[in-house]
Each structure stands twice: as C-alpha cells, then as structure tokens.
Amino acid sequence: MRVIDHFISGRAGLPAARFGDVFDPNSGAVQARVELGDAAVLDGAVQAALKAQPGWAATNPQRRARVMFNFKALVEARIDELAHLLSSEHGKVIADSKGDIQRGLEVIEFCCGIPHVLKGEYTQGAGPGIDVYSMRQPIGIGAGITPFNFPGMIPLWMCGPAIATGNAFIIKPSERDPSLPNVLAELFLEAGLPAGICQVVHGDKEMVDAILDHPAIGAVSFVGSSEIAHYVYRRGVAAGKRVQAMGGAKNHGIVMPDADLDQVVHDLSGAAFGSAGERCMALPVVVPVGEKTAIALREKLIPAMAALRVGVSTDADAHYGPVVTAAHKARIESWIQTGVDEGAELVVDGRGFTLQGHEAGFFIGPTLFDHVTTEMEAYKEEIFGPVLQMVRAPDFETALRLPSEHQYGNGVAIFTRNGHAAREFAARVNVGMVGINVPIPVPVAYHSFGGWKRSAFGDTNQHGMEGVKFWTKVKTVTQRWPDGGANDLAGDGANSFVIPTMG
Ligand code: NAD
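Keep in mind the model is a prediction, meaning the values are calculated, not measured.

(A) Inspection of the domain arrangement of the protein chain at higher detail. In terms of domains, the protein chain is made up of domain 1 (2-247 + 455-476) and domain 2 (252-436). A C-alpha centroid distance of 31 Å is found between domain 1 and domain 2. Opposite the 21 residues of domain 1 that make contact, domain 2 presents 26 residues. Between domain 1 and domain 2, a total of about 1,800 Å² is buried, with carbon and sulfur atoms accounting for 57% of that surface. The three residues of domain 1 that bury the most area against domain 2 are N26, V93 and S455, which together make up 30% of that side's buried surface.

Structure representation (structure tokens):
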C-alpha cells in the first residue's frame, strides 16, 4: 500500500513507528497510510530549516518573488492532476478541488509582489540630523497546522507569505488528506526554492505538540476546530511563540423580505451543501425575516434540494461528493438525530442516502431543518456537513442578534435589495467577515481572512498585509551621522541624561 512520507529537506524523512489510514471517501476503502511523526522527525526538519533560512532571508526579495512566479506556473500546469489527487482523499468534486488550489494560488500571486509590500517606512529629519526607518524581517522558522477541508488553499495561505518574507516554513497537514502538500513542497523545490525552506511533516497531536514546544519555531499558524485552535493558541503562546489560530464556524444567512428568493435559493444551495458543507465559510443557518419570507423560502428550497445531485468526486455533474471519513459521517448523522431529539422539524432527511455502486462511500444527502431555536445544541455547535437549519426571525433586529450572539463569528451574509438595511447590518453585526448578497464572503487574497469570537484566537488574520505582518517582525532604526560640525547633537548642549524629545 502507498505510504505518504514526510518531506524533509527535499527527501523522505525518518521512517515512522506509527501510521494513519487515508481513505478513499468514494469507496470507503483505505487507499494509503500516512506516517505519523514525532519530535525527532520534526527536529530533523528544524535542523534543515536552520541551515537554509539565513541564506534565503539574505536573498533579495525580487529573487524570492521569482520563485513564487515559477511555482505558480508549475502548479497551473499540473492543476488537473493535483485536483484529482486532492479529491481522491477529501471527496470534494474535481471542479471544487481546482477552486481550492486556485484560491491558494491567488495568495501566491499576491506574494509575487513581495518586494513592494516589504518596503519599510522612512522619515527624514525626525530630529536634528536624525532619520528613522523601519524594516520587516522574517521571524526565522514558521510552522502551519492545517485542517482537512482545504488541503490546497490553507497550506498556501500560510506558506506563501511565510516563505516570500524570508522564513523557512514547515507544514503539518491534516492526516486525513495529507498528499497534496508534499507535491506542493516538491514543486517549490522545482521552482528554485532552496531545500529546507518548505518542508512537510505528517502526524497527529504528538506532532502538533512537538511543533508547539520546539524552541526554534518562532511562529505557528493553525486552522481547524475551535477547541483545538484554542489549545494550540494557549500552548504556543505559553512557549513564547507568535500564534494565530482559526477555529470553527456557524455562519448565518439573513434573508430580508425584499430579497430575490430565487437568487437566495441558488446561492444558499451552493453555500450550504457545496463541498458537503465541509467549509468554514459554508452557510448552515438560514434566517428568513418574517413568516411570509420563511414560508416562501421553504417552498422554493425543498424542490431545489431534491434536484441536487450527490455523486462521486469524479462525477462532473455532481453538486457535491462524500464527506471525508466514516467517523465524520457518523458525527454529522448524530447531530441530525440531536436536532430531531431537541424538537426541530426535520423537513428533508439526508441520512441513509446510498449511491449505487458506492454503497460503502461516505455519502450524506442534503438535510433541512425548520423551526430551529437558539437553545438547541444542534444550533449552537458546528455540524460541518450538508445540513441546513432554518431559524425564523420576526424582524431585522432579531435576525441581527442571532449571528452576533452566537459563539462563532466567522462569516455571515445578508440578502436584501435595501442598501440601508445592508449597511446597518454590516456595521453592527458581531462577526468578522460579512457578505452582502454574497453567500460565501471569503475575502480575496490581497485582503485578509479571519473571524471573530471562537472562530479565531490571536489578533492577526490570514493573507494580505495581515499575513505579511504575522510572518515578519518590525525593526526600527534611528540614525544620526555626526559630521563633527555645528549640527552634531553632542556639541549643541543637549542634556544626554534626559530622555531626548523632538519638541
Ligand atoms: P481539526 O481541528 O480536527 O484538525 C486540524 C488540525 O489539528 C489537523 O492538522 C490535526 O492533525 C490537528 N489536530 C487534531 N486533533 C488534535 C489534538 N487533539 N491536538 C492537537 N492537534 C490536533 O479540524 P478538521 O476537522 O481537520 O477541520 C475542520 C475544522 O476546521 C472545522 O471546525 C472548520 O470550521 C475549521 N476550519 C476553520 C477555518 C477558518 O479559517 N476559521 C478554515 C477551515 C476550516
């Protein structure tokens, strides 16, 4: 059986004592085994990074940018093959896997302009004969710990800015779909990146703890579920590292009475069920405002859901494929049961869905609940599957309060034709990313991505200028070049025992 190895300094790493199963979600069969590394494996990668990083940091930013240009071209040339690899482990349909990789490449495109964004600040004449300038320098060695649901985009969110700013970077991908980051690291080498600057270590909690505890790793970026994000944040910060840790989500879509309901149903179908709902920016909660809106929306949603095609990830006509593992399928189905037990109305039940010829695949049909209320656990927690919950709101203020008071605050959307309502909503809602008639408001690469509340720990977002800030530290230089003449501070009678001021 295929073994997925670490990728350390351009070579396979030390042999592992432990392995994890990697499934084919379409068939339910184990298709490969991934090495589960430990602190010794990580240390091998760190030693290679320590050797390579000073030279890379000293490489001028334009040359570092050229590697980004080369890398983008190499990935684009192989995008079909890479999308198939991604789909074969994740289960999302091929077109969606291409989108996953493409969104990551957009961050690489931003990194092609790294010489421009690394220009520091400069003040001439901040005092007599004094100039002040600042520069951004790399942290040294950074690490990224990523979730299963975007195995292309999320590693690239992190490694693009980390590498372009002069760091060495170590990725620890999800052990459920670990193959793609190995290929990306190989392509970086082919693009001209020195060995040791982009490495991949595989593993589970043991490897994550080793990363958090390793004294040579200065910054850790994490994306995954909230409980683990919070743990990673606390442990990493306690070890003196810079940490950003993105967590789970429960995004709401508010539907105002004046919204175009056909457009809403179209957008909602993709946002709630696309990628089997395994997106942190999915819309698993819909909030129609007013009973008339709720009745009309429900009437349109039911046939739209019936028309959704669930299929294997290579089925070009399928809207979505299987979920990632049997364990995740069981977890989603148990949340559906909780919803039923708590008294929500199960309008469409996706449990028991089977695909002919793929009976052991991890498929779940689209599921709809109505009359969901805020005290239900199934509402409070993230389900991360193809399950849409309708929470009816009598008015705008109630609808605004729902996402604002929810424990998660990743994304939210409002559907309306009323500019004033949309503007009020965007200004007042207690959530980090807002869509106005945009169902999945993932910001473009040159803006930044990050939620609020339990959806993110730490204060710096992913990619854009926030990413550049996360992976660099600012150094500020105050300089004076005495000429031995009248302009010298030392000769102008200034009292050197008093803190100098510019007044
Ligand atoms: P997960 O939390 O199970 O795993 C994320 C990473 O943590 C993996 O690399 C995994 O190996 C590691 N990990 C797992 N258990 C651990 C433990 N006990 N201690 C230390 N590390 C551990 O998340 P997942 O199921 O892979 O991904 C889905 C989750 O990620 C969802 O909650 C989703 O909302 C979230 N997510 C958030 C964002 C965001 O930007 N906010 C983006 C994508 C996904």
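(B) Broad picture of the site of the ligand. Neighbouring residues of the ligand: 29 residues in total, closest K172, E175, R176, S225 and E382. Here an oxygen atom of the ligand sits 2.8 Å away from a polar atom, N or O, in the main chain of T146. R176 is positioned with one of its side-chain polar atoms (N or O) 2.6 Å from an oxygen atom of the ligand. Here the ligand loses 89% of its free accessible area of 840 Å² to cover by the protein chains. Because more than half of its atoms lie within 2 Å of the grid, the ligand is assigned to the largest pocket. Elements with a contribution of two residues or more to the shell around the ligand: α8 (205-213) and β11 (219-223). Of the residues belonging to the shell around the ligand, the class tally is 14 nonpolar, 10 polar and five charged. Structurally, the shell around the ligand is a two-domain feature, drawing no fewer than three residues from each of domain 1 (2-247 + 455-476) and domain 2 (252-436).

(C) Quick peek at empty space enclosed by the protein. Using the criterion set out here, one finds three cavities of 30 Å³ or more in the structure. Taken as a whole, the largest cavity holds about 110 Å³ of empty space. Contributing to the lining of the largest cavity are 14 residues, with A249, G277, P284, E382 and F384 lying nearest its centre. Classifying every residue of the lining of the largest cavity by side-chain character gives eight nonpolar, three polar and three charged. Put simply, the second largest cavity is a space of about 50 Å³. Around the second largest cavity, the lining residues are R103, E106, V107, M153, W157, V442, P443, A445 and H463. Put simply, the parts of the chain that give the lining of the second largest cavity at least two residues each are α4 (94-111) and α6 (153-164).

(D) Molecular detail of the sheet that holds strand β4 (residues 18-23). Pairing is mixed in the open sheet, where three strands are placed in the order β1-β5-β4. Only two strands of the sheet have a single partner each, and these edge strands are β1 (2-4) and β4. Along the sheet, successive strands turn relative to each other by an average axial angle of 35 degrees, direction set aside. Pairing analysis gives three bridges linking β1 to strand β5 (residues 30-36), with the strands arranged parallel. Within β5, the residue paired with V3 across the bridge is R33. Contacts from helix α3 (residues 79-90) reach β1, β4 and β5, with the element oriented near 100 degrees to β4.

The rules we used
- Residues numbered from 1 in each chain as written.
- Predicted model: local features only at pLDDT ≥ 70, side-chain atom pairs only at ≥ 80, totals over all residues.
- Heavy atoms only, no water.
- Domains from an automatic or database assignment.
- Contact = heavy atoms within 4.5 Å.
- Buried area = accessible area lost by both parts, 1.4 Å probe.
- Near = heavy atom within 4 Å.
- Polar contact = N/O pair within 3.5 Å; in protein donor to acceptor, adjacent residues only side chain to side chain.
- Areas by Shrake-Rupley, 256 points an atom, 1.4 Å probe, with all protein chains shown as cover.
- 1 Å grid on protein atoms, 1.4 Å probe; cavity = no way out; pocket = protein on both sides within 12 Å on 5 of 7 lines; lining within 4 Å.
- Sits in = over half its atoms within 2 Å of the grid points.
- Helix = DSSP H or I, 4+ residues; strand = E, 2+ residues; numbered from the N terminus.
- Nonpolar A, V, L, I, M, F, W, Y, C, P; charged D, E, K, R; others polar.
- Points joined across faces, edges and corners; volume = space filled by probe spheres on them.
- Pairing = 2+ DSSP bridges.
- Axes fitted to C-alpha atoms, helices over the stretch in contact; angles between N-to-C directions.

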